[in-house]
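Observations on chain architecture
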Amino acid sequence: MFEIIFSICLGIGLAASAGFRVFIPLLCASLAAYFNVIPLNESWQWAGSLTAVIVLGVAAVVELLAYYIPYVDNLLDTISVPLAAIAGTAVMVSVMGDMNPVFTWTMAIIAGGGTAAAISTTTSGARAMSTSTTGGFANPIVSTAEAGFSGMLSLVSIAFAPLAVVIVFFLLVGIRKLYKRIFNKKKQEVVINR
């Protein structure tokens, strides 16, 4: 039972990390599996191979660098939400133990993909706001913060998965409050403009 709970916590933490950067949590999970720190689902053993580590490492570096190129960062944000949802689902499936496939995929899609998509939507909105308010000059700061948080949350997920779930919970609560504040402000503007 403990292994199932650990797998779910690990998957949620890594999926949330995918909401900030798609390839960093995949690389961290691959490295952890390569060094036998975390187990992978039997059908995902290939993700712990040296080839997977190299490919994901190159992809993570390219993704990190691309977010520092003006206009490319905004272009990446247009595709980041579906990619994050896919990555969140994939990373959750990969670390789930050998359980019933229906349970595994349901958890992966809802908890993994949903968490990653929610966080990615918020980070895309933050970059759009940064672009519109600073002309894109603050975007490298936003990119650095996102990459740092993705790496930190990935490492926390691998080292102590239950703590990662607590962090993700507070992130999602914060996102919900932020959206409520934004939508309430827009409702007030509409009422005032009438």
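In this report, the structure presented in the accompanying data block is examined. (Residues numbered from 1 in each chain as written. Predicted model: local features only at pLDDT ≥ 70, side-chain atom pairs only at ≥ 80, totals over all residues. Heavy atoms only, no water.)

Moving on: the environment of Ser43. Counting through the fold element by element, Ser43 comes out in the loop between α2 (23-34) and α3 (50-66). Among the residues examined, Ser43 registers a relative accessible area of 52% and is labelled exposed. Between the C-alpha atom of Ser43 and that of Gly11, which follows or precedes it by 32 residues, the distance is 16 Å. (Helix = DSSP H or I, 4+ residues; strand = E, 2+ residues; numbered from the N terminus. Buried < 20%, exposed > 50% of the residue type's maximum accessible area, 1.4 Å probe, protein only.)

Here the focus is the nonpolar core. The biggest cluster of nonpolar side chains holds 27 residues, and the ones touching the most others in it are Leu10, Leu14, Ile38, Val91, Val95 and Ile158. Elements represented by at least two residues in this core include exactly α1 (2-20), α2, α3, α4 (72-95) and α6 (139-159). Here this core gets seven residues from one element, more than from any other, and that element is α2. Beyond its immediate stretch of four places on either side in the chain, Ile38 contacts Leu10, Ala29, Ala32, Ala33, Val95 and Ile158. Core analysis: the next-biggest nonpolar cluster, separate from the first, contains 18 residues, Ile12, Trp44, Met92 and Val168 among them. (Core = buried A, V, L, I, M, F, W, Y, C linked by side-chain atoms within 4.5 Å. Contact = heavy atoms within 4.5 Å.)

Another aspect to go through is a nonpolar patch on the surface. Taken together, the side chains of Leu31, Tyr34, Phe35, Val37, Leu50, Ile54, Val58 and Val62 make up a nonpolar region of the molecular surface, amounting to roughly 750 Å² of accessible area. Contributing elements (two or more residues each) for the nonpolar patch: α2 and α3. Here the nonpolar patch takes four residues from α3, the largest share from any one element. Tracing the backbone shows Val58 in helix α3. (Patch = residues over 30% accessible without salt bridge, like charges linked within 9 Å, V, L, I, M, F, W, Y side chains within 5 Å. Areas by Shrake-Rupley, 256 points an atom, 1.4 Å probe, with all protein chains shown as cover. Salt bridge = Lys/Arg side-chain N within 4 Å of Asp/Glu carboxyl O.)

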